[in-house]
Amino acid sequence: MVLSKTSSESDVSVHSTFASRYVRTSLPRFKMLENSIPKDAAYQIINDELMLDGNPRLNLASFVTTWMEPECDKLVMAAINKNYVDMDEYPVTTELQNRCVNMIAHLFNAPLEESETAIGVGTVGSSEAIMLAGLAFKRKWQNKRKAEGKPCDNPNIVTGANVQVCWEKFARYFEVELKEVKLRDGYYVMDPVKAVEMVDENTICVAAILGSTLNGEFEDVKLLNDQLVQKNKETGWDTPIHVDAASGGFIAPFLYPELEWDFRLPLVKSINVSGHKYGLVYAGIGWVIWRSKQDLPDELIFHINYLGADQPTFTLNFSKGSSQIIAQYYQLIRLGYEGYKNIMENCQENAMVLKEGLLKTGRFNIVSKDNGVPLVAFSLKDNSRHNEFAVSDMLRRFGWIVPAYTMPPDAQHVTVLRVVIREDFSRTLAERLVVDIEKVLHELDTLPAKIDAMMSVSASEDKGPNGGVVKKTALETQREITTVWRKFVMERKKTNGVC
């Protein structure tokens, strides 16, 4: 006699996920499911939705590492369940962090004796590192002002307008005035002379960027140091410098070893660097190094003992994974100076290949510098027909993620595209990107010139509440043009099948 079961009674484990009811039901977005679902179904559904993400290797907007060796991947996965803060339970992991701090401090020419321990800490990225460095500067300034009997309620920090948003966060979260040196045409980093002019007795530090997010350029830290030394002598102040080397800290020592930007300069008191950028580690690791113990006020360091032995800690976070710290140590000993130098040289050469390919098209101006972070920032020579946002949007059809953005004040009328050259971006990919950019330009050239009839005066002007003309910003205008252009392309797809 043949026995049979209904599908609802059968063992669900014999069914394919795609033959189950779970692919017929929308997953919740706001509340948890009442009942459990099989692990393979949960995996498959989530994995399928993640396919809609961009390809990290083709994400040329990001400075963050997207590839590591399989051996390092194994170490990362083996440590995925270790909480770094449990130092007494995981003493070897703590030791590896200390080794990384010492190696990076020596790389940045910290004034240390051969066996002297460096002052620094691992963080979840440069944002946390900058917060910690900024707090140290603020507290030192406050202590000095109190000792002199002077008010300490109005601190400020001087930066360029090209700083990353984490500096704005620090200023807002910790109540420090942010004084920004504006940019100008053709000069997209902080002017050291103007920065020093903005320094006053309430300035806790001047922040210099070694590798601008906008165009990869290194700011002139040596000139800033020399100018600030002179001003300190004239005023009696002792305003220090912090170097935000998030992108350039693992580049300059290998490509430009003679460049003075680090602890060789007397006013540089702290440096942050992103291990997950050109430190060649997956996202989630940064470092901040202080020149000496005197530059990190003791009252900012907490001591805990409820996890075992006495443990000093100076972080904004508490629990965090150990994997990235272990991965950083792997890279430092695996690659050594020679390996890092070779990788940075490869990145720089591939950036030059991309730059030359773009110049050969005759369509672009190069905004980035040859010396600095290996990236290429470029803008259209003629954007009367289409703009950089349109090029960026069209490149996504080929899988490339290339950002378009406007510069900060006072260069906000300049729009650029930027390609970051990482370790895993080969010469073949650079050449292929140029080919795809040419295809995009050719297709854009076949479209109506910026869809003039659709935009007309409305692209740059609008009617105010009283009927007057209200001028739009350059960014608003560009975004409106791009929106109309996208709508036009979508309509064209529907009518003639262009894809």
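Rules of the game
- Residues numbered from 1 in each chain as written.
- Predicted model: local features only at pLDDT ≥ 70, side-chain atom pairs only at ≥ 80, totals over all residues.
- Heavy atoms only, no water.
- Helix = DSSP H or I, 4+ residues; strand = E, 2+ residues; numbered from the N terminus.
- Buried < 20%, exposed > 50% of the residue type's maximum accessible area, 1.4 Å probe, protein only.
- Contact = heavy atoms within 4.5 Å.
- Pairing = 2+ DSSP bridges.
- Right-handed = clockwise from strand over helix to strand, strands pointing away.
- Arc of directions from axis to C-beta.
- Polar contact = N/O pair within 3.5 Å; in protein donor to acceptor, adjacent residues only side chain to side chain.
- Salt bridge = Lys/Arg side-chain N within 4 Å of Asp/Glu carboxyl O.
- Core = buried A, V, L, I, M, F, W, Y, C linked by side-chain atoms within 4.5 Å.

Colleague: Please give an account of the overall build of the protein that cites residues and values.
Modeller: Of regular secondary structure, the protein possesses 13 helices and 15 strands. Each of the 499 residues in the protein was classed as buried or not, and the buried ones make up 48%. The long-range fraction of contacts in the protein, counting pairs at least 24 apart against all pairs at least 6 apart in sequence, stands at 69%.

Colleague: Kindly report on the environment of alanine 171, identifying the contributing residues and their values.
Modeller: As for its placement among the helices and strands, alanine 171 is situated in helix α5 (residues 165-173). Contact partners of alanine 171, with chain neighbours within four places excluded, come to Val176 and Leu178.

Colleague: Before we move on, could you go through unusual backbone geometry and cite the residues and values that matter?
Modeller: A negative phi angle is the norm for most residues apart from glycine, just as the trans form is the norm for most peptide bonds. Of note, the amide linkage connecting proline 409 to aspartate 410 takes the cis form, showing an omega dihedral of 0°. The topology assignment puts aspartate 410 in the loop between β12 (404-406) and β13 (415-420). In the Ramachandran plot, asparagine 109 falls in the positive-phi region, its phi being about 60° despite a non-glycine side chain. Within the fold, asparagine 109 resides in the loop between α3 (91-107) and β1 (119-123). With phi around 55°, glutamate 175 is a residue other than glycine that occupies positive phi space.

Colleague: Tell me about the pairing of strand β4 (residues 203-209), and please be specific about residues and values.
Modeller: Counting buried residues along β4, seven of its seven residues qualify, which places the element largely inside the surrounding structure. Note: strand β2 (residues 156-160) against β4, three bridges, orientation parallel. Following the sheet pairing, asparagine 156 is matched in β4 by threonine 203. Two strands pair when backbone bridges link them, and β4 and strand β5 (residues 241-244) are joined in this way by four bridges, in the parallel orientation. Looking at β5, one finds that alanine 208 is bridged to valine 243. Running through helix α7 (residues 221-235), the crossover from β4 to the neighbouring parallel element β5 is right-handed.

Colleague: Any details on α5? Residues and values, ideally.
Modeller: Residues three or four positions apart in an α-helix share a direction because the helix packs 3.6 residues into each turn. Burial in α5 covers these residues: Cys166, Trp167, Phe170 and Ala171. Looking straight down α5, one finds that the buried residues subtend no more than 140° of arc, so they occupy a single side. α5 presents Arg172 and Tyr173 as exposed residues on the side facing more than 90 degrees away from its buried surface. Packed against the buried residues of α5 are α4 (126-147), β2, β3 (177-181), β4 and β5. For α5, the capping residue at the N-terminal end is glutamine 164, with a side-chain oxygen 2.9 Å from the backbone nitrogen of cysteine 166. In the stretch just after α5, glutamate 175 is the one whose phi turns positive, near 55°.

Colleague: Which residues make up the pattern of salt bridges, and what are the values?
Modeller: Per the counting criterion, the structure on display carries 19 salt bridges. A salt bridge links glutamate 148 to lysine 150, with the nearest nitrogen and oxygen atoms 3.6 Å apart. The partly exposed category is assigned to glutamate 148, whose relative accessible area is 37%. Residue class for lysine 150 comes out partly exposed when judged on its relative accessible area of 37%. With a closest N to O distance of 3.1 Å, arginine 427 and glutamate 431 form a salt bridge. Here arginine 427 pairs with glutamate 431, and both are found in helix α11 (residues 427-445), just four residues apart, close to one helical turn. Put simply, Arg57, Arg422 and Asp424 are held in one network by salt bridges that share partners.

Colleague: How would you explain the nonpolar core if you had to name every residue and give the values?
Modeller: With 105 residues, the main nonpolar core has Val243, Trp261, Met344, Leu354 and Leu433 as its most contacted residues. Here this core gets 14 residues from one element, more than from any other, and that element is helix α9 (residues 323-361). Once you skip the residues sitting within four places of it in the chain, leucine 433 turns out to touch Leu60, Leu354, Leu395, Trp400, Val419 and Phe425. Trp141, Trp167, Val176 and Ile209 belong to the second-largest nonpolar core, a separate cluster that totals 15 residues.

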